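What follows is each chain in one-letter form.
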Amino acid sequence: MKPAGIGGFGSSMLILGLNMFHADASAAIVQDGEVVFAIAEERLNRHKHFGGFPALSVKACLDAVGARISDINHVAVGQDSDANLAKKVQYALKNPGKILNFIRLRQRKEGMRNVRSLLSKALEVDSGELRFQEHHLEHHIAHIASSYYCSPWEKAAGFSYDGSGDFVSTMMARCEGKGIEILDRVFLPHSLGSFYTMICEFIGYKKYGDEGKVMGLAPYGKDTYCEPISKIIALKNGGFQLDLNYFKPLGSNQGMQVLPDGTVRLARHFSERMEGLFGDPREPHTEITQRDMDLAFAMQQRFEEVFFHLLNQLHARVPSEDLAMAGGCALNSVANGKLFQTTPFRRTWIQPAAGDEGLAIGAALHTYHSVLRQPRRSELKHSYLGPEFADACVESELKKSRLRYRRLQREPLLAAVAEQIAAGNVVGWFQGRMEWGPRALGNRSIVAHPGLPNMKDVLNARIKHREWFRPFAPSILAEYQHEYFEHDHPSPFMLHVYRIRPEKRKELCAVNHVDDTGRLQSVTREENPLYYDLIKAFQRKTGIPVVLNTSFNENEPIVCKPEEAIDCFQRTKMDVLAIGPFLALKSEN
Ligand SMILES: [Fe+2]
């Protein structure tokens, strides 16, 4: 792995941010207020949504800046087991059956708090060498910090929502200068994220992180169950409240458990009441019926109603046009794409790692700005915060694999790859630093022609094996967005879904979802010159300023290292691998 090109740290301040013993464990390093490297542990240990201690990520952060753990000035964790303690105790006392569970969770969390011993063990150094100060930050403050401090704004409304974190599911804040002022919290068991998870489980999507899949199913449904589903979650006193009769008691961890090996497991969320109203729950891998699609439709619709209600409440208290947002639910790109029509917010800055891996960045930046009172830095303009690999390292892996390949200069490489895409071939595109967050944004991507009617089936049959209803996404040159989409607010991190203009739907048929929308990535030359120029080269051949972009993986975490990309290329029916300056064709291998 090659250092991220950051110079010596000398007198500069280094802050290590951590999300640990929680889903999507991660580490990030902030040098003098700038996020210089960030990675989720799953990319390194290949264990999806890993929720243990991010030892490999910490090592990667230190290597990236050429530091030792003894050089770190501050360690910030995006979790605070003491936050909202009175509410937790109150909840445990009201639910005597859960008291033992509550005590066990507290004991486990206390054990986890010893960051010093965890780090000295993971890095095999004497704890006496560690001179950092330790900070623990409440989960949702870390989410909001991860967005606001990366945004270009000096003032904004801050919003975070997810299943749960430190006994809270939703937070509203006023962000100004260096500070984040908390205005409101929604405490467990009331959670918009848990509402979504419960219905996803009912229709057979039971794994942690499955919610994004069901979002793609929703537009296949009809308005059959909107009324009964809306009763599960009521708008109340400027917030919302779940009708708990539809839920199993979930405990203070809201049904999410991290096993000793770091696997994240969800407890059953739905109660018998759901079965009484809607029949038997669907088992995974069985046929998806109209009922399941209609439930997905109603779930997404109610989710959006509550979300927009909350945003309007937030705007009434913070009358800004700028919204800084994070939390797992902020990955609901369908809702994000509609908020400009349904709320007064006109601009969003959504953390590319809106889920819990983003807590590492949030905790570190909060320490820098809010605790240490250091000035704001420039905005985070791209998500390429992960490792990169020198050409020599890539070539050595290619040699080991015995693949036949050619080395090309930049322009011939772009022309050759664009020609392959235009010819309908599927290209693995592995370049530069890996993306931070769950989306592949042109550095660990599989790219293909967006206008071939069979391309979705080809990708699924040959590589991705995804459910038939899940759409593929377009990457579009930013200056053409308004010609192809009905909304022109940028979507640099693939976190907004917009309608595709009627006259362009045929041209983009492989990325046009059943409701004529696309979850686009708007690409600027400033953010990713090589990827921008690849799309430009494809446009020169076809007239289309768009490529289909899906993550470079096959039922595994997105590839991180060259050998993982090469292995994925060799074991799937991918046609082309463009890895650094090297090009390998399946037809020649
Ligand atoms: Fe979260």
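Please refer to the structure higher up on the page.
For the structure given in this document, a descriptive report is provided here. For every chain, the first residue of its written sequence is number 1, and the numbers climb from 1 along that sequence. Reporting of local features is limited, given that this is a predicted model, to residues whose pLDDT is at least 70; pairs of side-chain atoms are given and counted only at 80 or more, and all residues count toward the totals for whole chains, interfaces and linings. Calculation of side-chain values draws on the structure's entire complement of heavy atoms; hydrogens and water are dropped beforehand.

## Some points on the overall build of the chain
Strands here are runs of E lasting at least two residues and helices are runs of H or I lasting at least four, both read from the DSSP assignment and numbered beginning at the N terminus. Helices and strands together make up the secondary structure of the chain, namely 19 helices and 23 strands. For 589 residues, the compact-globule formula gives about 25 Å, and the C-alpha radius of gyration of the chain, at 23 Å, lands near that figure. In terms of its C-alpha atoms, the chain occupies a principal-axis envelope of roughly 65 × 65 × 45 Å. Counting across all 589 residues of the chain, residues that qualify as buried make up 62%. The globule rule used here is 2.2 Å times the number of residues to the 0.38 power, and the radius of gyration it is set against is calculated over C-alpha atoms. A simple rule labels every residue: compare its accessible area, found with a 1.4 Å probe on the protein chains alone, to the largest value its type can have, and call it buried under 20%, exposed over 50%, or partly exposed in between.

## Considering the packing of aromatic side chains
Centre-to-centre distance and the angle between the planes together describe a pair of aromatic rings. Each pair of aromatic rings taken from Phe, Tyr and Trp, with Trp reduced to its six-membered ring, is defined by centres within 6.5 Å and is described as stacked if the planes are under 30 degrees apart, edge-to-face if over 60, and tilted in the remaining cases. In this structure the tally under the stated criterion is 18 aromatic pairs. Seen in terms of ring centroids, F159 and Y161 are 5.0 Å apart; in terms of plane orientation they differ by 50°. Their pairing is tilted. By relative accessible area, Y161 is classed as buried at 0%. Where F202 meets F270, the ring centres are 5.1 Å apart and the plane angle is 90°; that geometry is what we call edge-to-face. Of the two residues, F202 is situated in helix α7 (residues 192-202) and F270 in the loop between β12 (264-266) and α10 (272-278); the sequence distance between them amounts to 68 residues. One exposure class covers both F202 and F270, and it is buried.

## Quick notes on the coordination of the iron ion
Here the iron ion is held by the protein donor atoms H139 (NE2), H143 (NE2), D162 (OD) and D356 (OD), which lie 2.0 to 2.2 Å from it. Every donor counted, the four donor atoms about the iron ion form angles of 89 to 159° at the centre, which fits irregular coordination. Listed donor atoms are N, O and S within 2.8 Å of the metal (Na, K and Ca: 3.2 Å). As water is not included, a site may look incomplete. Of note, the iron ion draws all its donor residues from one chain, in the sequence arrangement H-x3-H-x18-D-x193-D. Taken together, the residues span a long stretch of sequence, with D162 in strand β6 (residues 155-165) and D356 in the loop between β14 (347-350) and α13 (359-371) at a distance of 194 residues. Taking relative accessible area as the criterion, D162 reaches 5% and is therefore assigned buried. Metal sites are grouped by the angles between bound donors: all angles between 85 and 135 degrees with four donors is tetrahedral, opposite donors over 155 degrees apart with the others between 65 and 115 is square planar for four donors and octahedral for six, and any other pattern is irregular.

## A word on the sheet that holds strand β1 (residues 14-19)
Taken in spatial order, the five strands line up as β3-β2-β1-β4-β5 in an open sheet, and their pairing is mixed. Strand pairing shows two members of the sheet lacking a second neighbour, β3 (34-40) and β5 (133-136), which therefore form its edges. Strand-to-strand twist in this sheet, taken as the mean axis angle between neighbours without regard to direction, amounts to 15°. Sheet topology note: the β1/strand β4 (residues 74-77) ladder contains four bridges and is parallel. Two strands are said to pair when DSSP picks up at least two bridges between them. Structural elements are reduced to axes, namely lines fitted to C-alpha atoms, with helices fitted over the stretch in contact, and the angle between N-to-C directions of any two is expressed from 0 to 180 degrees.

## Description of the packing of helix α11 (residues 290-317) against helix α12 (residues 333-342)
Between α11 and α12, the shortest axis-to-axis distance is 10 Å and the interhelical angle comes to 50°. Judged on the interaxial angle alone, α12 and α11 are oblique. The two elements α11 and α12 meet at a crossing, and its hand is right-handed. Residues Q300, F303, E304, F307, F308, L311 and N312 of α11 touch α12, and the partners they reach there are V334, A335, N336, K338, L339 and T342. Relative orientations are named as follows: roughly parallel for angles under 35 degrees, roughly antiparallel for angles over 145 degrees, roughly perpendicular for angles from 65 to 115 degrees, and oblique for any other angle. Rotating anticlockwise by less than a right angle from the far helix to the near helix defines a left-handed crossing, while the corresponding clockwise rotation defines a right-handed one. Residue contacts are defined here by distance: any two heavy atoms, one from each residue, within 4.5 Å place the two residues in contact.

## Regarding the nonpolar core
The criterion is simple. A nonpolar core is a set of buried Ala, Val, Leu, Ile, Met, Phe, Trp, Tyr and Cys residues joined through side-chain atoms within 4.5 Å. Ranked by internal contacts, the top residues of the largest apolar core, which has 157 residues, are F159, L192, F195 and F307. Sorting elements by how many residues they give to this core places α11 first, with 12 residues. In contact with F195, other than residues within four places in its own chain, are I229, I232, I233, L242, F247, M299, R302 and F303.

## A look at the pairing of β6
Of all 11 residues in β6, nine are buried; the element is thus mostly enclosed. As judged from the eight bridges shared by β6 and strand β7 (residues 168-176), these two strands associate in the antiparallel manner. Residue A156 lies in a different strand from β7, and its bridge partner there is C175. Relative to strand β13 (residues 322-326), β6 runs parallel, the two being bridged by four bridges. Across the sheet, the residue bridging to A157 is L323, located in β13.

## Things to note about the sheet that holds strand β17 (residues 444-448)
Strand order across the open sheet formed by nine strands is β15-β23-β22-β16-β17-β21-β18-β20-β19, with mixed pairing between neighbours. Looking at strand neighbours, the two that pair on one side only are β15 (406-407) and β19 (496-499), the edges of this open sheet. By the bridge criterion, four bridges tie β17 to strand β21 (residues 546-551) in an arrangement that is antiparallel. Among the inter-strand pairings, S445 is bridged to a residue of β21, identified as S551. Lying over the sheet, α12 contacts β19 and β20 (517-523), oriented at roughly 65° with respect to β19.

## Brief notes about the pattern of salt bridges
By definition, a salt bridge exists where a carboxyl oxygen of Asp or Glu is found within 4 Å of a side-chain nitrogen of Lys or Arg. This structure, assessed with the given rule, holds 38 salt bridges. A salt bridge links D322 to R347, with the nearest nitrogen and oxygen atoms 2.6 Å apart. Of the two residues, D322 is situated in strand β13 and R347 in strand β14; the sequence distance between them amounts to 25 residues. Given the relative accessible area of 10%, D322 is considered buried. A salt bridge links D533 to R525; its shortest N-O distance comes to 2.5 Å. For D533, a relative accessible area of 11% puts it in the buried group. A single network of salt bridges, built from pairs that share partners, joins R46, E554, E556, E564, D567 and R571.

## Description of the environment of L192
With respect to the helices, strands and loops of the structure, L192 is situated in helix α7. Overall, the relative accessible area of 1% leaves L192 in the buried class. Separated by 36 residues in the primary sequence, L192 and A156 have C-alpha atoms spaced 23 Å apart. Excluding anything up to four places from it in sequence, L192 contacts Y161, S169, I233, F240, F303, V306, F307 and L310.

Just distances and angles here, no functional claims.
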